[in-house]
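So the chains spell out like this:
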Amino acid sequence: MPSDIGAPQQLKQSSRKGKKAWRKNVDITEVQTGLENLREEIIQGGPIAEKASEELFALDVKGSEDIKIKYKLQKPLKVDEILSRRSAVPALDSRKRPHSAVGYGIVTSSKRQKPDWVSKKEVQRLRNNLDKSTFLDSQNIESENASFDPWAIGPEPLSSRDESKEYIPKPKPKVAPATIRRAPIAMTATGKPVRAVQQPEGGTSYNPAFEDWDELLNKEGERELQAEKARLLDAQIAAEKEERIQQLASLPDPNPADEESAWEGFETDNDDPELLKKKRPERKTPAQRNKIKRRREAERLAKHEKRMGDKQKQAEQIINSLILQQERENELSTEEEQLEAVGIDDRALRRRKLGTAPIPEKSLEVVLPDELQDSLRRLKPEGNLLNDRFRNLLVNGKLESRKPILQPKKAKRKITEKWSYKDFSVKV
């Protein structure tokens, strides 16, 4: 331990820059104090600077009681005052008392319980006892091989089973149809699905190039011209058919007497009694019977071979269809990648439709020269996204085309008249 006097010190040193300014005795009080403090910390458990924060500090989650007493609010809150209020009038008693019908000036119910009334709690207790004990236990009948219970309906206890629904069959779970796992069949003529949102042509732009617009206009005009020719041809065929029907209707009716005379003459010419006699079948010989058996056996073998051949052909057709389906799926997977570059015409549809109603025609997407606008602000919106999306679902085979039911069928009701008025008696 250092003495109280300490080492000789020179507290006032004006400068140490000169050569003669260095002194032998310098002030090392700060160094000595730091070493002493470090030694004390090592004795007490270790240096404080090297310890973690969890060892030096602690969280006070409870709080100080002295601070609570010192800073306690003298005036309580208004909400505490309202909640602390209690009325001097006692609350109404909701219990039923049969001894008095009037209480606090209010007439209460004087309905008495029925003598044969049983509470729900007692009914539940009796049911539980019935589940635990059986008729065999009550009769003390014991058997070594009594493992089969003829009265066991199921694991459901009697108390939780509804007696009114005991004989009602349980609903069967819903089963998804087999077609839900199949890919939809496209209604296009090529059998290939179209994109949900097709890439529009250049001629449908609000400010198209003249070559694209002229090509689209000529193509749509040619399509409409062919449709008009087909309509006129159908109208001509219908008119010719109607004309033939009118001509046949204007012809005079044939005379039935001529037909009867012709038929009578036919009968009289061929009325031969010898030909009308039926030839009696003769008894077959054993050789003829054996011949018939051999022919029937040959026919049976021929039918069996034909049936086996049909089965073999059917199996080959199934295998070929599976191979074609796999090749078609591979082609579709490659064609779906090329749909962006090459579009599919969704107007040419197959003959066999998926539903009862025809698929609606696609809207005409072409404008006339006087309707062309060179500015997007003056463009008039046309078309309907909902109709386009609905037609796309019909073309891709994801929905069936059906006619809307404007007048749904109503339930048929049979009206009958009671015959109770006919039941009467006459007093004699």
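For the structure, check the block above.
First, a word on what this report is: a plain description of the structure on this page. Keep in mind that what you see is a predicted model, and the values were worked out from it rather than measured.

Definitions and cut-offs
Residues numbered from 1 in each chain as written. Predicted model: local features only at pLDDT ≥ 70, side-chain atom pairs only at ≥ 80, totals over all residues. Heavy atoms only, no water. Helix = DSSP H or I, 4+ residues; strand = E, 2+ residues; numbered from the N terminus. Buried < 20%, exposed > 50% of the residue type's maximum accessible area, 1.4 Å probe, protein only. Contact = heavy atoms within 4.5 Å. Areas by Shrake-Rupley, 256 points an atom, 1.4 Å probe, with all protein chains shown as cover. Phe/Tyr/Trp six-rings, centres within 6.5 Å; stacked < 30°, edge-to-face > 60°. Polar contact = N/O pair within 3.5 Å; in protein donor to acceptor, adjacent residues only side chain to side chain.

A closer look at the overall build of the protein chain
The secondary structure content of the protein chain amounts to eleven helices and two strands. Looking at the protein chain as a whole, 7% of its 428 residues qualify as buried. Taking the contacts inside the protein chain whose residues are at least 6 apart along the sequence as the reference set, 68% of them involve residues at least 24 apart. With the model as given, the accessible surface of the protein chain reaches about 42500 Å², and the carbon-plus-sulfur share is 55%.

Digging into the side chain of Ser401
In this fold, Ser401 is placed in the segment after α11 (385-395). Note on Ser401: relative accessible area 6%, which makes it buried.

As for the packing of aromatic side chains
Applying the stated rule across the entire model yields one aromatic pair. Measuring from centroid to centroid gives 6.2 Å for Phe210 and Trp213, while their planes differ by 45 degrees, and the two rings are tilted. With Phe210 and Trp213 both in helix α7 (residues 210-250) and three residues apart, this pair spans about one turn of that helix.

Let's talk about the environment of Arg389
Relative to the assigned elements, Arg389 resides in helix α11. For Arg389, a relative accessible area of 37% corresponds to the partly exposed category. The spacing of Arg389 and Ala196 is 193 residues in sequence and 7.1 Å in space, taken between C-alpha atoms.

With respect to the side chain of Asn392
Relative to the assigned elements, Asn392 resides in helix α11. Polar contacts involving the side chain of Asn392 include one to the main-chain carbonyl oxygen of Arg195, which spans 2.8 Å. When near neighbours in sequence (up to four residues on either side) are disregarded, Asn392 contacts Val194, Arg195 and Ala196.

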